[in-house]
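Residues per chain are reported as follows:
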Amino acid sequence: MASLNTQSRRASAGPAPRVHDRPQSPGRGRAFRPHIRPSLTAWAFLAPLVIYLALFYVYPLYRNLELSLKDYTVRSFVQNNAPFVGLKNYVEVFQDATFAPALRNTLVFTLCSITAQYVIGLALAVFFNRTFRLSATLRALFLVPWLLPLIVSASTWSWMLNSESGVINHVLRSLGSGNVNWLTSPEWSLTAVVIANIWIGIPFNLVILYSGLQNIPAELYEAAALDGAGPWQTFRRVTFPLLRPVTAITLLLGFVYTLKVFDLIWIMTKGGPGSSSTTMATWSYQLGFGSMLPHFGPGAAVGNLLIVIALVFGVTHIYTQRRQET
């Protein structure tokens, strides 16, 4: 009887659990898979960006820094056995007679360009912010300088500013003025490239500032009109303060872009005559590739100085923005 009772209890309790059906202890095994899969997915999406940044940003910056710290010649560049010279190339750059004019021309070229581009772009953005016929067509036409290849724009301005056959001097002669040697005179060469660069950069400012104006609520303008504010007061009290974030990023991007402009100046004046229109960007190219005996180290040093200047302004912009937000 006892054995029968024992067998009946076992039958009612069901079959004994098998070893592989028992719950696994937490830790290794299946438990870590839900944690590892999101991480692998995130890295899979980040991998193309990381590879792109490493190949086209990190490595070129590292290579440029290495060039500036070694005494590279054509032979040592090919054989990759240039001796380490530390900051000698930077000292050579600072002591060079071209450094002061190049730095001054870079600052004048950059500040004059971004100031004029912003002022004219803002005026056009305010003008096009009103609804009228042909508004979209005219805005599209203003984008043409921005869409043209830079070599085309620079060549066109070179023809227009030609001393003998240029249309600009033709207009000046018809007004009773004499010829101006825009591209061959030390007094006018920097002005010529600044004018061309302003013309190229106006559409960028127009597009960005126009987008910022579109985000300002129309109710604010209606409230300003009810309070009796005129056009200038409305712009000063409503439009311009609300455009400050857009203005800050527009000026920063314009500064970084204009600081490294090379092809426009090189096509129009090649940095001359003399060093009258030489900037840090054109000087870096002249040192590295502009002669039969290239100076790779000093050329890379000048390029690194441009990077430092851009980083200083970028960090200053970020710090100012954070202070305003807090």
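Residues numbered from 1 in each chain as written. Predicted model: local features only at pLDDT ≥ 70, side-chain atom pairs only at ≥ 80, totals over all residues. Heavy atoms only, no water.

**Q** Before we move on, could you go through the overall build of the protein chain and cite the residues and values that matter?
**A** Within the protein chain, the secondary structure is distributed over 16 helices and zero strands. By residue count, 33% of the 326 residues in the protein chain fall in the buried class. Total accessible area on the protein chain stands at roughly 21100 Å², and carbon and sulfur atoms take up 67% of it. (Helix = DSSP H or I, 4+ residues; strand = E, 2+ residues; numbered from the N terminus. Buried < 20%, exposed > 50% of the residue type's maximum accessible area, 1.4 Å probe, protein only. Areas by Shrake-Rupley, 256 points an atom, 1.4 Å probe, with all protein chains shown as cover.)

**Q** Just give me the short version of helix α13 (residues 244-259), but keep the residues and values in it.
**A** In a regular helix each residue adds 1.5 Å, so 16 residues correspond to 22 Å; α13 covers 22 Å between its end C-alpha atoms and thus fits that length. Within the sequence span of α13, burial applies to T247, A248, T250, L252, G254, F255, T258 and L259. (Expected span 1.5 Å × (residues − 1).)

**Q** Let's hear about the pattern of salt bridges: which residues, and what values?
**A** Tallied over the full model, the rule gives two salt bridges. Notably, a salt bridge pairs K70 with E66, separated by 3.2 Å at the nearest N-O pair. Salt bridges here are not isolated pairs; linked through shared partners, they connect R63, E66 and K70. (Salt bridge = Lys/Arg side-chain N within 4 Å of Asp/Glu carboxyl O.)

**Q** Before we move on, can you summarise the nonpolar core with the specific residues and values?
**A** F109, L161, L264 and M268 are the most contacted members of the largest nonpolar core, which has 32 residues in total. Secondary structure elements with two or more residues in this core: α5 (99-128), α8 (150-160), α10 (189-214) and α14 (263-268). The leading source of residues in this core is α10, at 12 residues. Not counting chain neighbours up to four residues away, the residues in contact with M268 comprise A154, W157, S158, L161, L183, A192, V193 and A196. Judged by nonpolar contacts, the second largest core, of 16 residues, contains V93, W283, L287 and A310. (Core = buried A, V, L, I, M, F, W, Y, C linked by side-chain atoms within 4.5 Å. Contact = heavy atoms within 4.5 Å.)

**Q** Would you mind going over unusual backbone geometry in detail, with residue names and values included?
**A** P273 follows G272 through a cis peptide bond whose omega is -5°. Following the sequence through the fold, P273 ends up in the loop between α14 and α15 (280-289). One non-glycine residue, N80, lies in positive phi territory at about 55°. A residue is classified by how much of its surface remains accessible, and N80, at 48% relative accessible area, is partly exposed. Residue L134 is not a glycine yet carries a positive backbone phi of 65°. Along the polypeptide, L134 turns up in the loop between α5 and α6 (135-142).

**Q** I'd love a proper account of the packing of α10 against α13, names of residues and values included.
**A** Each pair of packed helices can be summarised by the angle the axes make with each other and by the distance between the axes. At a closest axis distance of 10 Å, the pairing of α10 and α13 adopts a crossing angle of 155°. In this view, α10 runs roughly antiparallel relative to α13, as classed from their interaxial angle. α10 and α13 meet at a crossing whose hand is right-handed. Facing α10, whose interface residues are N197, F204, N205, I208, L209 and G212, α13 presents V246, T247, T250, L253 and T258. Its residues placed into classes, the contact of α10 with α13 shows five nonpolar, six polar and no charged. (Axes fitted to C-alpha atoms, helices over the stretch in contact; angles between N-to-C directions. Parallel < 35°, antiparallel > 145°, perpendicular 65-115°, else oblique. Left-handed = near helix turned anticlockwise from the far one by under 90°. Nonpolar A, V, L, I, M, F, W, Y, C, P; charged D, E, K, R; others polar.)

**Q** Hey, could you go over the environment of A229 for me, with residue numbers and the actual values?
**A** Structurally, A229 is set in the loop between α11 (218-226) and α12 (231-242). Aside from chain neighbours lying at most four places away, what touches A229 is A224 and T234.

**Q** Tell me about the environment of V246, and please be specific about residues and values.
**A** Secondary-structure assignment places V246 in helix α13. For the pair V246 and Y210, spaced 36 residues apart in sequence, the C-alpha separation works out to 9.8 Å. Sequence-distant contacts of V246, defined by excluding residues within four places in its chain, comprise I208, L209 and G212.

**Q** If you had to explain a nonpolar patch on the surface to someone new, which residues and values would you point to?
**A** Where nonpolar side chains cluster on the molecular surface, the patch consists of W43, L46, L49, V50, I51, Y52, L53, L55, F56, Y57 and V58 and spans about 1100 Å² of accessible area. Relative to the helices and strands, L49 resides in helix α2 (residues 33-68). Looking at L49, the relative accessible area reads 47%, which means it is partly exposed. (Patch = residues over 30% accessible without salt bridge, like charges linked within 9 Å, V, L, I, M, F, W, Y side chains within 5 Å.)

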